[in-house]
Amino acid sequence: MANASLMTVALMAICLSPLISFALAAGKFNVVGKVYCDTCRVEFETKLSEPIPGASVKLECRKEKDEVVAFSREAVTNATGGYNIPVEGDHAEEICEVRVDKSPRADCNEKMEAWEKAQVELSGQDGLAEPTRIANNLGFRKKEAVPGCAQVLKEMGFPFTE
Ligand SMILES: *[C@@H]1O[C@H](CO)[C@@H](O)[C@H](O)[C@H]1NC(C)=O
């Protein structure tokens, strides 16, 4: 009995090891990032920006810009506005971008050029295959700015006009 189960374990290890090394060679990444509400309508992050839970984002890799999508995966942000998209395969020959899709907040759902998408590198060819790839923050613009923006922007050294 003991020998039989040992055999099974040994066989499984032999059968699985090529799969494991294939997975490592092909690359396995985690794209992580956050989605914010631009509460000051300035298209950059301030201390009044709010994380948005329940926002959907979409990762897409294309062979070349505007070409057919080679890889696509969606995710929804968690309680702190964070998302984590697991990716298999090496995408060295592709342009991969994560972009905001839908906001659950009716008061904060305007897309904006600056926070709409972020490019991520999904290739381990440089030999430094750090699996976690951090995307720039994404966000939606709030329909109306919250009070306090003028003060916050002044602190940041920006003028603020309603
Ligand atoms: C939300 O997701 C981010 C990115 O994966 C993670 O770092 C964070 O711990 C998560 N927060 C919660 C409350 O689950």
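Residues numbered from 1 in each chain as written. Predicted model: local features only at pLDDT ≥ 70, side-chain atom pairs only at ≥ 80, totals over all residues. Heavy atoms only, no water.

Enquirer: Sorry, what's going on with the state of the cysteines here?
Expert: Two cysteines form a disulfide when their sulfur atoms are joined by a covalent bond. Taken as a whole, this structure holds three disulfides when the rule is applied. The side chain of Cys40 participates in a disulfide bridge whose partner is Cys149; the two sulfur atoms lie 2.0 Å from each other. Linking Cys40 and Cys149, the disulfide has an S-S dihedral of approximately -90° and is accordingly described as left-handed. In this pair, Cys40 is assigned in the loop between strand S1 (28-38) and strand S2 (50-51) and Cys149 in helix H3 (residues 149-156), connecting sequence segments 109 residues apart. Side by side, Cys40 and Cys149 carry an identical accessibility label, which is buried. Note on cysteine connectivity: Cys61 is disulfide-linked to Cys96, with sulfurs 2.1 Å apart. Residues Cys61 and Cys96 share a disulfide whose torsion about the S-S bond is about 110°; that sign makes it right-handed. Taken together, the positions of Cys61 in strand S3 (residues 56-62) and Cys96 in strand S6 (residues 95-102) put the pair 35 residues apart, joining distant regions of the chain. For Cys96, a relative accessible area of 1% corresponds to the buried category. Within the protein chain, bonded cysteines paired by disulfides and numbered along the sequence follow the pattern 1-5, 2-6, 3-4. (Disulfide = S-S within 2.5 Å. Helix = DSSP H or I, 4+ residues; strand = E, 2+ residues; numbered from the N terminus. Buried < 20%, exposed > 50% of the residue type's maximum accessible area, 1.4 Å probe, protein only.)

Without other data, these values stay purely geometric and don't point to any function.
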